[in-house]
Amino acid sequence: MSHDTGTRERRDDPEGQSVVRFDHVGLRYDLGPEVFRDIGFTLPRGSFHFLTGGSGAGKSSVLGLCYLALRPTRGGISLFGHDVTRLPRRLLPRLRRRMGVVFQDFRLIDHLSAMDNVALPLRVSGAPEADIRRHVPELLAWVGLADHLNAKPPTLSGGQKQRVAIARAVINRPDLLLADEPTGNVDDRIGMRLLHLFEELNKMGTTVLIATHNEQLVQRFPYGRLHLDAGRLTWHGVGDPPPDRATAVPPRPRQS
Amino acid sequence: MHSDLPLARDKTAMLVPVLVGVMVFLAVLAAAGALALGNILEDWRRDVSGSLTAQVPPVPGLGEASRVATDERVAQAAAVLRAQPGVASVRVLAEAELMALVEPWIGTGELVRDLPMPRLLDITLKPGAAARANPGQLAQALREAVPGATVDEHRLWLGRLMDLGEALGALGLAVVLVVSGATAVAVTHATRAALATYRPVIEVLHMIGAQDEYIARQFARSALLQGLKGGMGGFMLALPTLAGVGLLADRVEAGLVPSVSLSALDWAVLLLLPLGAAGLAMLTARLTVLRTLACMP
Ligand SMILES: Nc1ncnc2c1ncn2[C@@H]1O[C@H](COP(=O)(O)OP(=O)(O)OP(=O)(O)O)[C@@H](O)[C@H]1O
Ligand SMILES: [Mg+2]
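Residues numbered from 1 in each chain as written. Chains lettered and ligands numbered in written order. Predicted model: local features only at pLDDT ≥ 70, side-chain atom pairs only at ≥ 80, totals over all residues. Heavy atoms only, no water.

- If you check an unreviewed UniProt entry, chain B appears there as Cell division transport system permease protein from Rhodospira trueperi.

- An unreviewed UniProt entry lists chain A under the name Cell division ATP-binding protein FtsE, with Rhodospira trueperi as the source organism.
- In its Sequence similarities (unreviewed entry) section, the UniProt entry covering chain A states "Belongs to the ABC transporter superfamily."
- Under the heading Function (unreviewed entry), UniProt records this for chain A: "Part of the ABC transporter FtsEX involved in cellular division. Important for assembly or stability of the septal ring." (UniProt positions renumbered as here; feature names shortened; annotations may be inferred.)

What follows is the structure, given as structure tokens:
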């Protein structure tokens, strides 16, 4: 596909250079107030961004728009170079399979073992069972759950569930990883380990967007940052937010 | 085959098989009753083909005079019968036919011709008239017009019984239809209720990028299996009940009730009930899931 060219030039949107692109996006739930308005940003291929903001600022909503669970009330969103508002519904599964999502509430399937939960994206895309048997335990071991392959989610701790959810999100080596508070329930050591997992994926080309409250985490990694405040995207860049920066500054590609 | 669903293991999953089982049980009993009654009626219909026979005794005496008198009586009887409601046609059996009937016993010849033989009239009833025609009335009218003339009444009574049977058969059929309709509604609702529990699962599969078809197929397959389990269970339970009723019917048989039996074709029809219920569960699951998915962006 055209977006696999590998060049990192910034332009308006030539041939899907951006993996995610928001244009003056506004969102409201039903008849409620607008959660945010006029949000615009671009995530180039291979970039790594944090999405910060207070509770209720709209981080999960932005991610929901990215993984196509929500439709914008206003503005346009393009994913992998496709305008999602104009994409027929039957083509959406193909886009979703290129993403890995860590939901804030995990959304594991309770009656399936940790292994079967993680295997879901592979099964859905018709991967051979032999591959599943090989890769899934490997990944679960990597996130420290080698002893819980057959455990059902209700018997796992919050942090363990979170790691199963992360494993499910990355098992397919997605082109885009969207994680909502992926380290909210684990201690710092495991949190760092998970962040390194995301970095590894990012090095292999995955575009990463992580919503988090964890200021420490954001400080520790030198990546781009989108900050939501009062329904506005107030800052976009690396490091500390400067005091008066305008909205929607073009993103900084991570590397070539 | 791999399934991401727990439908077979889950507690609420019993709802569908049990409901399908009960409904199929009732439907099979009602249908078996209707079919067996249909078979009995078929037997009777062979006996009562809508025709009666009337007898007119000959005018005593020998020779041409009495013959002419007898002919007159026969013509009169035929006229009376034709005037009765429910009678389609009356045919007087010709003398030659009568001769042919008695020939095996008394041979042929001049002498036989002079024998005082009763004359027969073949009465054809209008279709479905057996219930409306009053056999007593028919016989009485004939008797009044022609002294000594009789109608074989028992056949008429059999005809009326048959009409009653037909009404019962129609009733049975109505019960089958109602029970089948109720089964369809129950299966549909039970399947929908079971699926409501799995909405989160459907959502997750959807968000992970499963095609609608992938999700619907799994639910449909599991609903089919559950429907089959319940349907065949209900069918099996109906068998001893049917056998019991059959046994009772055999005891009163004594020529009154023809033996109650179901043909291979009847069994095939009965077998369609559990299969149909299972198919309905499958179709409902499929449509429900697809409709649920259609509401998701
Ligand atoms: N399904 C919904 N229906 C109605 N309003 C919603 C819904 N989901 C979120 N909201 C509202 O949208 C706003 C943003 O919510 P969102 O979940 O995106 O915030 P968040 O930044 O993820 O918060 P947190 O850090 O607590 O997870 C909130 O005011 C919330 O009340
Ligand atoms: Mg949130």
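1. Topic: the confidence of the model for chain A
Residue and element names in this part refer to chain A.
Here's step 1: For chain A, mean pLDDT is 85; residues scoring 70 or higher make up 86% of the total.
Here's step 2: Here residues 1-15 is a poorly scored stretch, pLDDT under 50, and it has 24 contacts once near neighbours within four places are set aside; other chains count.
Here's step 3: Across residues 242-256, confidence stays below pLDDT 50; counting only partners more than four residues off in sequence or on other chains, it has 27 contacts. (pLDDT = per-residue confidence, 0-100. Contact = heavy atoms within 4.5 Å.)

2. A look at the coordination of the magnesium ion (ligand 2)
Residues and elements named next belong to chain A.
Here's step 1: The magnesium ion (ligand 2) binds to the protein through Ser 60 (OG) and Gln 104 (OE1), with metal-donor distances spanning 1.9 to 2.2 Å. Note that Ser 60 is positioned in helix α1 (residues 59-66) and Gln 104 in the loop between β6 (99-102) and α3 (114-124), a separation of 44 residues in sequence.
Here's step 2: Taking the relative accessible area as the measure of exposure, Ser 60 reaches 31% and is therefore partly exposed.
Here's step 3: For Gln 104, a relative accessible area of 42% translates into the label partly exposed. (Donors = N, O, S within 2.8 Å, 3.2 Å for Na, K, Ca; no water. Helix = DSSP H or I, 4+ residues; strand = E, 2+ residues; numbered from the N terminus. Buried < 20%, exposed > 50% of the residue type's maximum accessible area, 1.4 Å probe, protein only.)

3. Observations concerning the interface of chain B and chain A
Here's step 1: Facing 21 residues of chain B, the contacting portion of chain A comprises 21 residues.
Here's step 2: Between chain B and chain A the total buried area reaches about 1,900 Å² when both faces are included, carbon and sulfur atoms providing 62% of it.
Here's step 3: Seen at the junction of chain B and chain A, the total is one salt bridge.
Here's step 4: In this structure, the salt-bridge partner of Arg 89 of chain A is Asp 212 of chain B, at a minimum N-O distance of 2.7 Å.
Here's step 5: For the interface between chain B and chain A, the tally reads five residue pairs in polar contact (both at pLDDT 80 or more).
Here's step 6: Taken together, the elements giving at least two residues each to the side of chain B that touches chain A come down to α7 (199-207), α8 (212-252) and α9 (264-294) of chain B. (Buried area = accessible area lost by both parts, 1.4 Å probe. Salt bridge = Lys/Arg side-chain N within 4 Å of Asp/Glu carboxyl O. Polar contact = N/O pair within 3.5 Å; in protein donor to acceptor, adjacent residues only side chain to side chain.)

4. With respect to the sheet that holds strand β3 (residues 119-125) of chain B
All names here are of chain B.
Here's step 1: Ordered by their spatial adjacency, four strands build an open sheet running β2-β3-β1-β4, and the pairing between neighbours is antiparallel. The outermost strands of the open sheet, each flanked by one partner alone, are β2 (87-92) and β4 (150-151).
Here's step 2: Bridge analysis of β2 against β3 gives five bridges, and the strand direction is antiparallel. When the sheet's bridge partners are listed, Val 90 is paired in β3 with Ile 123.
Here's step 3: This element, helix α2 (residues 63-83), spans β1 (51-56), β2 and β3 of the sheet and lies at about 15° to β3. (Pairing = 2+ DSSP bridges. Axes fitted to C-alpha atoms, helices over the stretch in contact; angles between N-to-C directions.)

5. Details of the packing of aromatic side chains
Here's step 1: Summed over the entire model, instances satisfying the criterion amount to six aromatic pairs over all chains.
Here's step 2: Judged by centre distance (4.6 Å) and plane angle (25°), the ring pair of Phe 22 of chain A and Phe 41 of chain A falls under stacked. With Phe 22 of chain A in strand β1 (residues 18-28) and Phe 41 of chain A in strand β2 (residues 34-44), this pair connects stretches of sequence that are 19 residues apart. Here Phe 22 of chain A matches Phe 41 of chain A in class, with each residue buried.
Here's step 3: Between Tyr 198 of chain B and Phe 219 of chain B, the aromatic rings sit 6.2 Å apart at their centres with planes inclined by 55°, giving tilted as the arrangement. (Phe/Tyr/Trp six-rings, centres within 6.5 Å; stacked < 30°, edge-to-face > 60°.)

6. A closer look at the nonpolar core
Here's step 1: Grouped together as the largest cluster of nonpolar side chains are 42 residues, with contacts concentrated most on Val 136, Leu 140 and Phe 198 of chain A.
Here's step 2: Contributing elements (two or more residues each) for this core: β3 (48-53), α3, α4 (129-142), α5 (158-170), β7 (176-180), α6 (188-203), β8 (207-211) and α7 (215-220) of chain A.
Here's step 3: At seven residues, α6 of chain A tops the list of elements feeding residues into this core.
Here's step 4: Val 136 of chain A has contacts with Met 115, Val 118, Ala 119, Leu 122 and Ile 171 of chain A, leaving out every residue within four places of it along the chain.
Here's step 5: In this structure, Val 24, Val 176, Ile 202 and Ala 223 of chain B belong to the second largest nonpolar core, which totals 41 residues. (Core = buried A, V, L, I, M, F, W, Y, C linked by side-chain atoms within 4.5 Å.)

7. Quick notes on the site of ligand 1
Residues and elements named next belong to chain A.
Here's step 1: Taken together, the neighbourhood of ligand 1 is formed by Tyr 29, Val 35, Gly 54, Ser 55, Gly 56, Ala 57, Gly 58, Lys 59, Ser 60, Ser 61, Gln 104 and His 213.
Here's step 2: Interatomic distance of 3.4 Å between a side-chain N/O atom of Tyr 29 and a nitrogen atom of ligand 1.
Here's step 3: At a separation of 2.9 Å, an oxygen atom of ligand 1 approaches a polar backbone atom of Gly 58.
Here's step 4: Look at ligand 1: alone it shows 630 Å² of surface, and the protein chains cover 58% of it.
Here's step 5: Of all the elements, α1 adds the most residues to the shell around ligand 1, at three residues. (Near = heavy atom within 4 Å. Areas by Shrake-Rupley, 256 points an atom, 1.4 Å probe, with all protein chains shown as cover.)

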